[in-house]
Structures are given as C-alpha cells and as structure tokens.
Amino acid sequence: MPVTGTSAGGADEKKWFRVHRPAAEPRLRLLCLPHAGGTAQLFHGWPALLPADVEVLAVRYPGRQDRLAEPCIESMAAMADAIATALRPWPDRPLALFGHSMGACVAYEVALRLEARGIVPAHLMVSAHEAPQRARRATLPEADDATLISHVRRLGDMHSEAYDIPELRELLLPALRSDYRLIESYHPSQPTPVKAPLTAYAGQDDTSCTLDGIRAWSGLTAPDSFDLRAFPGDHFYLVPQEADVVADVAARLARTGDSGRPAPRMAPAGLPGDDDPTGR
C-alpha cells in the first residue's frame, strides 16, 4: 500500500541515502534527489567529478531497487518529512541540495524543513522543474500503462527500454505511478521562500517545462541569491552533460563558505529563448 500520511520511513536513516564515496572529513555534503521513477544511481558518477571534501548523499526513495519491498510514498509532505528526519544524524557539516525534476520540489520542501530547525542549506539547486506555484495539473497518475510509458519516453532517452521487458516493467511501474501521484498532487499556491541561495538548471530542449516557469524559482529566494543555468539537451540533459553540470555545481559549492552564506552570484550563461514548449 502506498504511504499517504505525514510520516514514513526515517526510522533507519541509513536506508535513505547511498554514499558513493564516503569522505573522512567532508567540508560539505551534497544531498541529491532523483526524478519520478528514478533512483540514487542517477548520481553515481558525481563523487568522482567533485572535490574530495564534498560528500554526496544520494537519496534512495522507497519502493525501488533495494527498497523494493517498502511501500511507495505518494504525499510530498510525507516524503519531505521522512528525508528531513533521516538527515538528523548529519548536522556537523554544511549541506547543499540538488534535486532533478520531481526531486527539485522534494529538495525545496526538505530545505524548508531544515530551515524550520535553524539549518539554512549552503545552496539549493533545482533542475528540470517549474517553480511549485507554476506547476500544471495533469492526469498521468491515473493513465493506463502505455500512456504513462509514452509520456516518460517523450521526456528523453533515460533507459526507457526497460519498460519493453515485461518483468522489469512490472517492477518499475508502481514506483513511477506513485511518484507521479506525489508530484501531481503537489500544488502550493503561495510557497514559502527559502533563506538559502537558489540555482535553477534546465535543458534547452526540455519540453516538460517552460523557461518562464523555471525562472519563477527566483521568487522563492532573495533577489540577489538566484541564478539560472541552461545546458544542451532534453529533460535528462544532466546525463550527457554530466561533467559540465557537476563542474558548475562544484564551482558554486566552492564559492560557499563553511558558514553556509552564499558567495556572489556567478554570471548566467547559455540561456535558451523564451519559447513556451508544450507538455508538462
């Protein structure tokens, strides 16, 4: 049964994070949150591209891979609460967050919960998702399997061939559908700004969100604490552009002091035009 309440998991914080390369004395930790249907594997190459003093905690959502037997979470509040609770053993170093697609909104909600505890993230980085107040409603969570898979494939080539194998499709679809229920039911009309500096990332050919919608994240942080970067590619631009994306992330983290205060803004680069693509 999917979890829809306000608390789930979190009792064993270790199950929530995969640390691909533990650091003996990390200067900073980077919490990475994958997309709908995604896994911590999305970020397995990041530690090798980051400085040795940056430790990556890749979030492992329930209902997939080695958490396959656990119920999926279909409530944003429940997901963010569980992750924020699981982070309690890691208060000794500054923490930055990077969330892709659905993970962008989850990262934002986790940041709000940390700030409510007096912990201001060193940086909040959101990727491939419009600001929460700009999200559009859809009916994908209740669509048939073929429609849901077709939608995922239109976003970009991200191992979607797995859905052609009946045994894998049976394992993957429940988590994908639950994640879409989570993100499609998330519609804060007046989201709370974060105290952390915020950078939004986008793929120049991503048809799932508009550039104006991504720029709307600027209203959720201080005016001088927002930046936007766009890279060639579709919704999953960060896979072929991994080296350049991680280099940009590393540069921003290097410009963030141990105090967690933001450094001066980096110059924007490579923004696409203001076309309004169709699709979510």
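Above this text is the structure in question.
Here the structure is a predicted model, which means the values were calculated and not measured.

### Details of the overall build of the protein
Alright, step 1. Counting its secondary structure elements, the protein contains seven helices and seven strands.
Alright, step 2. Split into buried and exposed, the 280 residues of the protein put 54% on the buried side.
Alright, step 3. Long-range pairs, those at least 24 residues apart, make up 82% of the contacts in the protein between residues at least 6 apart in sequence.
Alright, step 4. Summed over its atoms, the accessible surface of the protein is roughly 12000 Å², and 53% of this surface lies on carbon and sulfur atoms.

### Remarks on a nonpolar patch on the surface
Alright, step 1. On the surface, L68, I165, L168, L171 and L172 cluster together into a nonpolar patch covering about 380 Å² of accessible area.
Alright, step 2. Within the element layout of this structure, L171 appears in helix α5 (residues 166-184).

### Re the pairing of strand β7 (residues 226-231)
Alright, step 1. The buried fraction of β7 is high, at six of six residues.
Alright, step 2. Neither face of β7 is left uncovered, since the one carrying F226, L228 and A230 and the one carrying D227, R229 and F231 both have all their residues buried.
Alright, step 3. Relative to β7, strand β6 (residues 198-203) is paired through six bridges, and the arrangement is parallel. Bridging from a neighbouring strand, L198 pairs with F226 of β7.

### A closer look at the pattern of salt bridges
Alright, step 1. Evaluation of the coordinates by the stated rule reveals 19 salt bridges.
Alright, step 2. E109 serves as the salt-bridge partner of R113, at 2.7 Å between the closest nitrogen and oxygen. Taken together, the residues span about one helical turn, with R113 and E109 both in helix α3 (residues 102-116) at a distance of four residues.
Alright, step 3. Overall, the relative accessible area of 11% leaves E109 in the buried class.
Alright, step 4. What you see here is one network of salt bridges that share partners, running through E25, R29, E55, D92 and R93.

### Description of the side chain of S75
Alright, step 1. Examined against the element boundaries, S75 turns out to sit in the loop between β3 (54-59) and α2 (76-86).
Alright, step 2. Within the structure, the side chain of S75 is placed 3.3 Å from the backbone nitrogen of A77, a separation counted as a polar contact.

Calculation rules
Residues numbered from 1 in each chain as written. Predicted model: local features only at pLDDT ≥ 70, side-chain atom pairs only at ≥ 80, totals over all residues. Heavy atoms only, no water. Helix = DSSP H or I, 4+ residues; strand = E, 2+ residues; numbered from the N terminus. Buried < 20%, exposed > 50% of the residue type's maximum accessible area, 1.4 Å probe, protein only. Contact = heavy atoms within 4.5 Å. Areas by Shrake-Rupley, 256 points an atom, 1.4 Å probe, with all protein chains shown as cover. Patch = residues over 30% accessible without salt bridge, like charges linked within 9 Å, V, L, I, M, F, W, Y side chains within 5 Å. Salt bridge = Lys/Arg side-chain N within 4 Å of Asp/Glu carboxyl O. Pairing = 2+ DSSP bridges. Polar contact = N/O pair within 3.5 Å; in protein donor to acceptor, adjacent residues only side chain to side chain.

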